[in-house]
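# Residue-level structural notes
The primary structure of each chain is shown beneath.
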Amino acid sequence: MISKGFIEDKSKTLITGVYNDLTMKNILITGGSGFIGSHLVRLMVTKYPDYNIVNLDKLTYAGNPENLKDIEDKGNYVFERVDIVDADAVFKVFEKYDFSGVIHLAAESHVDRSISNPNEFIMTNVVGTLNLLNAARTSWGSNFSDKVFYHVSTDEVYGSLGDEGFFYEDTAYDPRSPYSASKASSDHIVRAYYHTFGMPVKISNCSNNYGSHQFPEKLIPLMINNIKKNKPLPVYGEGLNVRDWLWVVDHARAIDEIFHRGKVGETYNIGGHNEWKNIDLVHLLCDTMDEKLGREPGTARKLITFVKDRAGHDLRYAIDATKIKNELGWVPSVTFEEGLSKTVDWYLENEEWLENVTSGSYRNYYQDQYQNR
Ligand SMILES: Cc1cn([C@H]2C[C@H](O)[C@@H](COP(=O)(O)OP(=O)(O)O[C@H]3O[C@H](C)C(=O)[C@H](O)[C@H]3O)O2)c(=O)[nH]c1=O
């Protein structure tokens, strides 16, 4: 079924009326209905009206078209429901559109889920990435001029830091969870396609993101949701693990810069220089929520419950983001206090979204909508 107007094949036959400018570039964003992906799609669709943004997403529990409600009617946005593990389906999408660039974010991303179900992570993150690389290679042939295959990855590939030091672009990979091992593998495969086939690739490795539209299994939205509902706040171990938090909108800005101006074959680390011990962050969230909800100070902290630690829990992540700052001029646009306050407000104002993602209502609704496509 035709989604919303597209260029049917590489001879560029126009078959519906929406995209009548054949000079427009088709850019593929995978995982665009997810948390980081939806922020990137929003930015690209609004900032680059001369690009057709094709969002390819499987719509798992964490991918939700509702995240893009505000831009889904734009003429330069198209949605394709595809599982990247399905090589044939991926090839068909590459045949249907003549992509100039690929920004690949589709991934299983939750570390705890990778511990209980590693296979899904290997399939989506490793095999899925391979399928995209193969489809791009077949589609582009040996003509790589003006093409980019950009893999969006994580700082977890570098392993776990002690109390000191940072991850640099040349830090040796040392992944320790099935999730980070799958992302490390896909980074290596992407690099292999650069060295072996000359494919113009770029990779970025980013620290923990926070912001609107994040599935409430991740630390920040989970805590916000539980505080709101007066439910226990599960802190793993003693809460001493450290994460470097970055506002998701700033991550999307960084991806835009790297996609357009980053050097081919290079890696860029992205981070906020914003390290927090989990327990300190949970305290901050508790106090912020008490204030915003007009509750007695100290109310939310009483909900904190120390629970069994995550297996193989990485102690500390911290990114050195000097390269992206020096080469591309990117720095975070907000302080953590600003970003967190905006984030808490968004979850409080979007109760329905939170309820629907938690109950699976959106998922059921959209799976019905797209089941015959
Ligand atoms: C869900 C949860 C987490 N935690 C701890 C575990 C971590 O030390 C920290 C953050 O956990 P979260 O699962 O939100 O994120 P990470 O495991 O650091 O990984 C995240 O950031 C990287 C960069 C990615 O690449 C991952 O895709 C992304 O999921 O809070 C708790 O103490 N309690 C909880 O209920």
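On a predicted model such as this, the values are computed, not experimentally measured, just so you know. (Residues numbered from 1 in each chain as written. Predicted model: local features only at pLDDT ≥ 70, side-chain atom pairs only at ≥ 80, totals over all residues. Heavy atoms only, no water.)

## A word on helix 6 (residues 219-228)
Let me state the cut-off plainly: Burial status follows relative accessibility: with a 1.4 Å probe on protein chains alone, a residue under 20% of its type maximum counts as buried, one over 50% as exposed, and anything between as partly exposed. Working definition: helices are DSSP H or I runs of at least four residues, strands are E runs of at least two. Numbering for both runs from the N terminus. For this analysis, residues touch if any pair of their heavy atoms sits within 4.5 Å.
The element helix 6 is extensively covered by neighbouring structure, given that nine of its 10 residues are classed as buried. Residues Ile220, Pro221, Leu222, Met223, Ile224, Asn225, Asn226, Ile227 and Lys228 constitute the buried set of helix 6. Here the buried face of helix 6 lies against strand 7 (208-210), strand 8 (233-236), strand 9 (242-247), helix 8 (278-293), helix 10 (336-349) and helix 11 (351-359). Count one or two residues on from helix 6 and you reach Asn230, which has phi positive near 55 degrees.

## Considerations on the pairing of strand 4 (residues 99-104)
Worth spelling out the cut-off: Strand pairing requires that DSSP identify at least two bridges connecting the strands.
Burial analysis of strand 4 places six of its six residues in the buried class, which makes it a mostly covered element. Note: strand 1 (residues 25-30) against strand 4, five bridges, orientation parallel. Considered in strand 4, the bridge of Asn26 is made with Phe99. Where strand 4 meets strand 5 (residues 148-154), four bridges bridge the pair, whose relative direction is parallel. Bridging from a neighbouring strand, Gly101 pairs with Val148 of strand 5.

## Let's talk about helix 4 (residues 118-140)
Threshold: Expected span, for any helix, means 1.5 Å times one less than how many residues it has.
For helix 4, which comprises 23 residues, the first-to-last C-alpha distance of 32 Å matches the rise-based estimate of 33 Å (1.5 Å per residue) to within 8%. Taken from the residues just after helix 4, Gly141 is the one with a positive phi, measuring 60 degrees.

## Notes on the pattern of salt bridges
Any two side chains of opposite charge can pair, so long as their charged atoms come close to each other. Stated formally: Salt bridges are defined by distance alone: a side-chain nitrogen of Lys or Arg within 4 Å of a carboxyl oxygen of Asp or Glu.
Taken as a whole, this structure holds 17 salt bridges when the rule is applied. Put simply, Lys47 and Asp256 hold a salt bridge, and the shortest N to O gap is 2.6 Å. Residue Lys47 is located in helix 1 (residues 35-47), and its partner Asp256 is located in helix 7 (residues 248-261); the two are separated by 209 residues in the primary sequence. On the basis of relative accessible area, Asp256 is assigned to the buried category, the value being 2%. Put simply, Glu80 and Lys96 hold a salt bridge, and the shortest N to O gap is 2.6 Å. A residue pair is termed long-range when its members are at least 10 positions apart, and Glu80 in strand 3 (residues 77-81) and Lys96 in helix 2 (residues 87-96) qualify at 16 residues. The two residues Glu80 and Lys96 agree in class, both being buried. A single salt-bridge network, built from bridges that share partners, covers Arg113, Glu217 and Lys218.

## Focus on the side chain of Arg316
Counted only if it meets this: Polar contacts here mean pairs of N or O atoms no more than 3.5 Å apart (in protein, one a potential hydrogen donor and the other a potential acceptor; neighbouring residues in sequence count only if both atoms are side-chain atoms).
Considering the arrangement of structural elements, one finds Arg316 in the loop between strand 12 (304-307) and helix 9 (322-328). Judged by its relative accessible area of 6%, Arg316 falls in the buried class. Among the polar contacts listed, one links the side chain of Arg316 to the backbone oxygen of Asp163, at a separation of 3.4 Å. Setting aside residues no more than four positions away along its own chain, Arg316 makes contact with Ser160, Leu161, Gly162, Asp163, Glu164, Gly165, Phe166, Phe167, Val242, Arg243 and Glu275.

Functional significance is not addressed by these values, which are geometric in nature.
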